[in-house]
Amino acid sequence: MSELWLEVTLPVPAERLDRVCDVLTANGMTGLVVEEEGDFLRFLEQNRQYWDYVDEGLSQRMRGASRVKFYVPDNEEGQRQLRQYLTGLEEYEPQIVSLREEDWATSWQKYYQPIPVGRRVYIVPDWMRGQPVPDGRTPLYLNPGLTFGTGAHPTTQLCLELLEEVLKPGDKVLDLGCGSGILAIAALALDASRAIGVDIDPKAADVAFENAALNGIGPDRLSVYAGDVLTDKKLSAKLEPGQNRVVLANIVADVIIPLSTKAGEFMATDGVFLTSGIIDGRQDEVRAALETNGFTVTKHLERGGWHAYEARRK
């Protein structure tokens, strides 16, 4: 029998989206889907040539949309998780729908197509494995599942674009806040020798290893740890301090700012710190924190109200 899930939707004013996502993430929910009409329309326009058709019903539903979705199991444990995730968000009334796992997956599969990112990366849903890959592109196979870790969001795309520019064959890479592992796996697909991921969510390792296996990558090249590098000294020691040429942090401004005090410890002397997930309005704070903590910003990308920085040690 297929598993039942609850789809939880929080209608949120556009100006509160960042705060709500931060609270949900702090409460342990890592698989968020942010629906906002402007992002949706930009996504359509940027990837129009890769869509078989545009679902007009979906377009109608996205009109004026501003909401956050996530999924929990439809059982007693799921109800406990739901209460935990919504702590501090009592002002919002969740809309909850029960659905089967395959219903959720199929609804996205019918119109989701591969996405080219930057000059080299080609993100492919695993159910489309075997279809031709454009010349010069490196395929990155993912199974979005219930976390929707597809790489479609501008923050991930910006980080991937910076990554492919700075990465050299044989580099060691550290991904702080690795989530589904997409950035670490992309680095390995682009010829990094080793990658380490770390996330506060203990479930992230399973998801990252599953996605890595889809790309023929095993634990000999990818390690994933759970914990907080800002407070756990034993964890920090496992992240190969001083040896990582590329350190990634695609999270949120409130996490990147304190991480900027510690990121340099993990970097090789010629290391690069790539940060993304910075919503419009917070970019100056993040830049100031980077510069205060010994970095020089060498590149700044912006797309759809999101910002990303490439920074190097002074």
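Our structure is the block above this text.
All values reported here derive from a predicted model rather than from experimental measurement.

Caption draft 1: Local environment of the sheet that holds strand 8 (residues 172-176). The strand order across the open sheet built from seven strands is 10-9-8-11-12-14-13, with neighbouring strands paired in mixed fashion. In the strand order of this sheet, the two ends are held by strand 10 (222-226) and strand 13 (295-303), each with one partner. Neighbour-to-neighbour, the strand axes of the sheet open up by a mean angle of 15 degrees, direction not taken into account. Examined bridge by bridge, strand 8 and strand 11 (residues 244-250) share three bridges and lie parallel to one another. Paired with leucine 174 across the two strands is valine 247, which belongs to strand 11. Packed on one face of the sheet, helix 11 (residues 283-292) meets strand 12 (267-279), strand 13 and strand 14 (306-313) and runs near 10 degrees to strand 14.

Caption draft 2: Broad picture of the packing of aromatic side chains. Going through the model one piece at a time under the given rule, you end up with two aromatic pairs. Ring centres of phenylalanine 70 and tyrosine 85 lie 5.8 Å apart, and the angle between their planes is 90 degrees; on these two criteria the pair is classed as edge-to-face. One end of the pair, phenylalanine 70, is in strand 3 (residues 66-73); the other, tyrosine 85, is in helix 4 (residues 76-85), and 15 residues separate them in sequence. Phenylalanine 70 sits in the buried class, given a relative accessible area of 0%. Exposure remark for tyrosine 85: the relative accessible area of 5% places this residue in the buried category. Summarising the aromatic geometry, the rings of phenylalanine 273 and phenylalanine 295 are spaced 5.4 Å apart at their centres and angled 40 degrees between planes, so their arrangement reads as tilted. Of the two residues, phenylalanine 273 is situated in strand 12 and phenylalanine 295 in strand 13; the sequence distance between them amounts to 22 residues. The class for phenylalanine 273 is buried, based on a relative accessible area of 0%.

Caption draft 3: How the structure looks around the pairing of strand 8. Where burial is concerned, most of strand 8 is hidden: four out of the five residues are buried. Pairing of strand 8 with strand 9 (residues 194-199), which is carried by five bridges, proceeds in the parallel orientation. By the bridge assignment for strand 9, leucine 174 is matched with isoleucine 196. In this fold, the crossover linking strand 8 to strand 9 by way of helix 7 (residues 182-189) has right-handed handedness.

Caption draft 4: Representation of the side chain of glutamine 283. As for its position among the elements, glutamine 283 is in helix 11. Accessibility expressed as a relative area gives 15% for glutamine 283, which makes it buried.

Caption draft 5: Representation of unusual backbone geometry within the structure. Phi at aspartate 191 is positive, roughly 85 degrees, even though this residue is not glycine. Looking at where aspartate 191 falls in the secondary structure, it is placed in the loop between helix 7 and strand 9. Judged by its relative accessible area of 46%, aspartate 191 falls in the partly exposed class. Phi at glutamate 240 is positive, roughly 55 degrees, even though this residue is not glycine. With respect to the secondary-structure elements, glutamate 240 resides in the loop between helix 9 (233-238) and strand 11.

Procedures and definitions
Per chain, residues are indexed from 1 in the order of the written sequence. Where local features are concerned, this predicted model is filtered to residues with pLDDT of at least 70; where side-chain atom pairs are given and counted, the filter is 80 or more; whole-chain, interface and lining totals use all residues. Only hydrogens and water are removed before side-chain values are computed, so all heavy atoms of the structure are retained for them. Two strands are counted as paired when DSSP detects at least two bridges linking them. Strands are runs of DSSP state E lasting at least two residues, helices are runs of H or I lasting at least four, and both sets are numbered from the N terminus onward. Interaxial angles span 0 to 180 degrees and are taken between N-to-C directions of axes, which are lines fitted to C-alpha atoms, for helices over the stretch in contact. Residue contacts follow a heavy-atom distance rule, with two residues in contact if any of their heavy atoms lie within 4.5 Å. The rule is short: rings of Phe, Tyr and Trp, with Trp giving its six-membered ring, pair when the centres are within 6.5 Å, and they are stacked under 30 degrees, edge-to-face over 60, tilted in between. Each residue's exposure class comes from its accessible area (1.4 Å probe, protein chains only) as a fraction of the maximum for that residue type: buried when under 20%, exposed when over 50%, partly exposed otherwise. Think of it like this: strands point away, you trace from the first strand over the helix to the second, and a clockwise trace means the crossover is right-handed.

By themselves these figures say nothing about function.
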